[in-house]
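One-letter residues, chain by chain:
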Amino acid sequence: MEDYQIVDLYWDRSERAISETDTKYGRMLTGISLGLVKIKEDAEECLSDTYLAAWNSMPDERPIYLGAFLSKIIRRISIDKYRAAHSEKRGGKDALVAELTECIPSATDVQKEYDNKLLAEALNRFLYSLDEEKRNIFVRRYFYSDAIDDIANRMNVSVGKVKTVLFRTRNALREFLLEEGVEL
Amino acid sequence: MRKADRERKISSAERLFDAIGMIDDRLIAEAAECHSQNLTQKKIPFMRRYAVSLTALLLVFMMVGGFAIANLSTVLDSDSNSLDEGIRDDIGEIGQNGNTLDFVLSSAVQKSDATTVSLEEIDFFDGEVSIIWSYAGDGENEYRKLTFEAQNAESKVKNCMSKSVEQIPAESEDSNICRVWVSYGNGEVVSPYLKESAGNIGYATLFEYSPEVVPSDSFCDLVSNALNN
């Protein structure tokens, strides 16, 4: 089923939207989550939360690239889950800091979100300036959390080449962010 | 001071990591697409596929011919042992010099209980150990899947695959009739033609590969038993 047909199902509030999404993107989304949380049960939980978030965000949103739209959601949910789990595990100061984040006014979140958007826009400019292969290697590594070996297999290049491209791209990104005056 | 600097760097890197999650959808879609494009590009070239199909056909013909002559010799009860043995030698020679796993799977074209499935239909989380393969002449998205019913299938399969140590001779690389993978039912996918290493484990998908090892005889027997049961 095409993406726009699945999106139509969401807009029609048809529960089939979820099953069609799962058929088309379930495996890919689980892979993204598992790359971050590393535990199958947690990845499955993140997948369910992603479907719920997609269900709640459509209508209103009409994504053109449904796979990318869902990937962003599951990535964010998985990172949050990972951080929450590790903060609990570490205990001590980290656990206390995590508890205190609840006291921080939401304006900070808005500011943080705004800053991240500006940073994402800078990243877009940087990534579009790269050639397609370098760009895809970078996105596979840092968006999809792919292992270097997997990227090499996927792109049909050597592991050494992937490492070199990532190393040079990271350095180029540092220069780019400095030139753009982006503070991290 | 150093610790503070390190914590600041980590915090900045986390912000950067978060921001990467907000990049343009087109970039994410492009990187997802490059996966499938490259898989398609890495499929066996047409001429090589044609040659491999012919080899598969030849193998089937030799088997059918072998069985027919063997049966004929039984019916006529003639003294044709030398001819029969000659054919058996031929088949044996293929088994020894060719790729035995190819031979086992080629001989199962018609008779196995394997189900034909598309990649989308394969459940990599079904909790079962399965062998998945495609013949060179199969469609782009056509695979056969057969579950190993034996008890402790995973440890048996892993044990047999660990014996695949022989290096593939350079001239026989990519000349396999079948592309073969094993799904462990927990998302992990490996190929009996690859060495055991973390880099050779796929996740919930079938991947293209260049053979590194020859599957062991015990693995071929395991597959043969699964096909015949």
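All of these numbers come straight from a predicted model, not from anything done at the bench.

Residues and elements named next belong to chain B. Overall, antiparallel pairing links the six strands, which are arranged S1-S3-S2-S4-S5-S6 in an open sheet. Unpaired on one side and paired on the other, strand S1 (115–117) and strand S6 (202–203) mark the two borders of the sheet. Across the sheet, helix H7 (residues 217–228) is in contact with strand S2 (130–135), strand S3 (143–147) and strand S4 (178–183); its angle to S2 comes to roughly 90 degrees.

A complete count under the given rule lists 19 salt bridges over all chains for this structure. We note a salt bridge from A:Arg135 to B:Glu30, for which the minimum N-O separation is 2.9 Å. Placement of A:Arg135 in helix H7 (residues 132–142) and of B:Glu30 in helix H2 (residues 25–41) is noted, with the two residues assigned to different chains. The exposure class of A:Arg135 is buried, given its relative accessible area of 10%.

This paragraph deals with the packing of aromatic side chains. One pass over the full model with this rule turns up eight aromatic pairs over all chains. Their ring planes at 75 degrees and their centres at 5.0 Å tell us that A:Phe143 and A:Tyr144 sit as a pair that is edge-to-face. For the pair A:Phe143 and A:Tyr144, one class covers both residues: buried. Among the aromatic residues, those joined into a cluster by ring pairs are B:Tyr143, B:Trp181, B:Tyr193 and B:Tyr209.

For the rest of this paragraph, the subject is the interface of chain A and chain B. The interface is formed by 45 residues belonging to chain A together with 36 residues belonging to chain B. Taking both partners together, chain A and chain B bury about 3,900 Å²; carbon and sulfur atoms supply 59% of that area. On the surface where chain A and chain B come into contact, there are four salt bridges. Linking B:Glu14 and A:Arg83 is a salt bridge whose minimum nitrogen-to-oxygen distance equals 3.8 Å. Linking chain A with chain B are eleven residue pairs in polar contact (both at pLDDT 80 or more). If you list the elements that add at least two residues to the side of chain A that touches chain B, you get helix H2 (16–37), helix H4 (66–90), helix H6 (106–129), H7, helix H8 (148–155) and helix H9 (159–180) of chain A.

Before going further, it helps to examine the environment of A:Asp150. Residues and elements named next belong to chain A. Its location among the elements puts Asp 150 in helix H8. When its relative accessible area of 26% is taken as the criterion, Asp 150 is described as partly exposed. Taking the C-alpha atoms as reference, Asp 150 lies 9.3 Å from Arg 140; in sequence the two are ten residues apart.

So, on to the side chain of A:Asp42. Residues and elements named next belong to chain A. The topology assignment puts Asp 42 in helix H3 (residues 40–57). Notably, Asp 42 is buried but unbridged: the nearest opposite-charge side chain belongs to Lys 81, and the N-O separation is 4.6 Å. In this view, Asp 42 contacts Val 37 and Lys 81; residues no more than four positions away in its chain are not counted.

What follows concerns the pairing of S2(B). Residue and element names in this part refer to chain B. Of all six residues in S2, six are buried; the element is thus mostly enclosed. Along S2, one buried face is formed by Ser 130, Ile 132 and Ser 134 and the opposite face, lined by Ile 131, Trp 133 and Tyr 135, is buried too. Here S2 pairs with S3 via four bridges, running antiparallel. Bridge assignment links Ile 132 to a residue of S3, and that residue is Lys 145. With six bridges connecting them, S2 and S4 associate as antiparallel partners. Bridge pairing links Ile 132 to Trp 181 in S4.

The rules behind the values
- Residues numbered from 1 in each chain as written.
- Chains lettered and ligands numbered in written order.
- Predicted model: local features only at pLDDT ≥ 70, side-chain atom pairs only at ≥ 80, totals over all residues.
- Heavy atoms only, no water.
- Pairing = 2+ DSSP bridges.
- Helix = DSSP H or I, 4+ residues; strand = E, 2+ residues; numbered from the N terminus.
- Contact = heavy atoms within 4.5 Å.
- Axes fitted to C-alpha atoms, helices over the stretch in contact; angles between N-to-C directions.
- Salt bridge = Lys/Arg side-chain N within 4 Å of Asp/Glu carboxyl O.
- Buried < 20%, exposed > 50% of the residue type's maximum accessible area, 1.4 Å probe, protein only.
- Phe/Tyr/Trp six-rings, centres within 6.5 Å; stacked < 30°, edge-to-face > 60°.
- Buried area = accessible area lost by both parts, 1.4 Å probe.
- Polar contact = N/O pair within 3.5 Å; in protein donor to acceptor, adjacent residues only side chain to side chain.
- Lys, Arg positive; Asp, Glu negative; His and termini not counted.

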